[in-house]
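Remarks on the overall topology
Read off the chains here:
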Amino acid sequence: MQSYRTIKDMKLRDRWLKSNGYNPRNFFNPDLEIDLVRALAASKQLLEDFKDLLTLEQIELIKDFNKKATPRRMYQVLNLYKKIRRQLHRQS
């Protein structure tokens, strides 16, 4: 049986993970690939910070990835993130 303190800490951790775009149920799975975590973070940042640089097609790709993450979509999101970051670097 878990103590009240442990449960409280777990809820706090889960709330933090959710607020940063991660699913607490999948986050601690040892089979979860690092690229998936990177793609989830990239998709969140693309939609929050760089949405004005994306086309409608790219936004749909990110939304589809967030609904159902497949390896193909994962790499498409990572490549898109890299492309946008390069574009911003060239502009500065």
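A brief structural summary. (Residues numbered from 1 in each chain as written. Predicted model: local features only at pLDDT ≥ 70, side-chain atom pairs only at ≥ 80, totals over all residues. Heavy atoms only, no water.)

What follows is about the packing of helix α3 (residues 34-49) against helix α5 (residues 71-91). Two numbers describe how α3 lies on α5: the axes approach to 9 Å, and their chain directions differ by 50°. Relative to α5, the element α3 lies oblique. The hand of the α3/α5 crossing is left-handed. Counting all contacts with α3, which are made through Asp 35, Leu 36, Arg 38, Ala 39, Ala 42, Ser 43, Gln 45 and Leu 46, the residues of α5 involved are Met 74, Tyr 75, Val 77, Leu 78, Leu 80, Tyr 81, Ile 84 and Arg 85. Of the residues in the contact of α3 with α5, the class split is eleven nonpolar, two polar and three charged. (Axes fitted to C-alpha atoms, helices over the stretch in contact; angles between N-to-C directions. Helix = DSSP H or I, 4+ residues; strand = E, 2+ residues; numbered from the N terminus. Parallel < 35°, antiparallel > 145°, perpendicular 65-115°, else oblique. Left-handed = near helix turned anticlockwise from the far one by under 90°. Contact = heavy atoms within 4.5 Å. Nonpolar A, V, L, I, M, F, W, Y, C, P; charged D, E, K, R; others polar.)

Residues lying three or four places apart along an α-helix face the same way, a consequence of the helix completing one turn every 3.6 residues. For helix α1 (residues 4-19), built from 16 residues, the straight-helix expectation of 22 Å at 1.5 Å per residue is met to within 8% by its first-to-last C-alpha distance of 23 Å. Directly after α1, the chain includes Gly 21, whose backbone phi takes a positive value near 85°. (Expected span 1.5 Å × (residues − 1).)

Within the secondary structure, Gln 58 sits in helix α4 (residues 56-67). With relative accessibility at 15%, the residue Gln 58 sits in the buried group. (Buried < 20%, exposed > 50% of the residue type's maximum accessible area, 1.4 Å probe, protein only.)

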